[in-house]
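Structure at a glance
Here is how the chains run, residue by residue.
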Amino acid sequence: MHKTLIIAAGAMFATLPVHAQQPDWRAGAVERAIDHHLEKVPDPCVVPERSALVPAYFELQIGEDTAARQALLVEFPCQTGAYNQTAVYLLSDQHGVISEVLFPSPKVDVLYADKADPTIVEEIVLTEITDMREVVNPSYDSSSRTMTERNKWRGADDAYSATEWGFKNGKFEITLFAVDASFDGADNPQTLMRNEIW
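These notes cover the structure that comes with them. Remember, predicted model here, so these are calculated numbers, not experimental data.

1. Digging into the overall build of the protein chain
The helix and strand inventory of the protein chain stands at three helices and twelve strands. Out of the 198 residues belonging to the protein chain, those deemed buried represent 35%. For the protein chain, restricting intrachain contacts to residue pairs at least 6 apart in sequence, the fraction spanning at least 24 positions comes to 47%. Of the roughly 11900 Å² that the protein chain leaves accessible, carbon and sulfur atoms contribute 53%.

2. As for unusual backbone geometry
The backbone of R145 sits at a positive phi, close to 55°, despite the residue not being glycine. Mapped onto the elements, R145 comes out in the loop between β8 (139-141) and β9 (146-152). The phi dihedral of N169 falls on the positive side, at around 55°, and the residue is not glycine. Tracing the chain through its elements places N169 in the loop between β10 (160-168) and β11 (171-180).

3. Brief notes about the state of the cysteines
Overall, the coordinates contain one disulfide when judged by the stated rule. Paired through a disulfide, C45 and C78 show a sulfur-sulfur distance of 2.0 Å. A torsion of -95° about the S-S bond marks the disulfide between C45 and C78 as left-handed. In this pair, C45 sits in the loop between α3 (25-39) and β1 (56-62) while C78 sits in strand β2 (residues 69-80), placing the two residues 33 residues apart along the sequence.

4. Regarding the packing of aromatic side chains
According to the stated counting rule, one finds seven aromatic pairs in the structure shown. With a centroid separation of 6.4 Å and an interplanar angle of 80°, the aromatic rings of Y140 and F172 are classed as edge-to-face. One end of the pair, Y140, is in strand β8; the other, F172, is in strand β11, and 32 residues separate them in sequence. Each member of the pair, Y140 as well as F172, is classed as buried. Of the aromatic side chains, those joined through ring pairs into one cluster are F58, Y89, F103, Y140, W165, F167 and F172. Positioned above the aromatic ring of Y160 is the side chain of R150, whose terminal nitrogen or guanidinium carbon lies 3.7 Å from the ring centre.

Calculation criteria
Residues numbered from 1 in each chain as written. Predicted model: local features only at pLDDT ≥ 70, side-chain atom pairs only at ≥ 80, totals over all residues. Heavy atoms only, no water. Helix = DSSP H or I, 4+ residues; strand = E, 2+ residues; numbered from the N terminus. Buried < 20%, exposed > 50% of the residue type's maximum accessible area, 1.4 Å probe, protein only. Contact = heavy atoms within 4.5 Å. Areas by Shrake-Rupley, 256 points an atom, 1.4 Å probe, with all protein chains shown as cover. Disulfide = S-S within 2.5 Å. Phe/Tyr/Trp six-rings, centres within 6.5 Å; stacked < 30°, edge-to-face > 60°. Lys NZ or Arg CZ within 6 Å of the ring centre and 35° of its normal.

No statement about biological role is implied by the geometric values presented.
See the structure below:
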């Protein structure tokens, strides 16, 4: 009877699903992202201690077809200031591939009616769009694959710019860019860009 029990137990373990016997790919993906970040911390970012580094991460499929790869969008704190906190991101996929995430970021010039009184805006001019790694005061929504930034400008009655990006075809694209350039205490953003990417 004792021998029968041993054989039955061995048969039970042999029929366990393969994925139950292998570690979750996500843990390895996070560790690889941490290693990459510590080796190549971007210039403006504070270099963290590994022991204190527990990054947030979000599942994110790369590609829209049946051959799409599963990946994690891994978030690392970058800078902390009086008005803003920033983060940078890495994509770490199920096959061990790491890539740095870039966000196209618009820049503006603002013309005020009175240089001494930045409450009345005459014109906001979009000057350029540059790819940035940092996202200011970020918020990521996994269900819509949308990253949002709210960049507070220095000064009383904060003015700000707000950018939204959607993830499509392996990269983030601008879906909305708006600016509230008047330091008047009111929340009146002006939309400068709006793109439908889906």
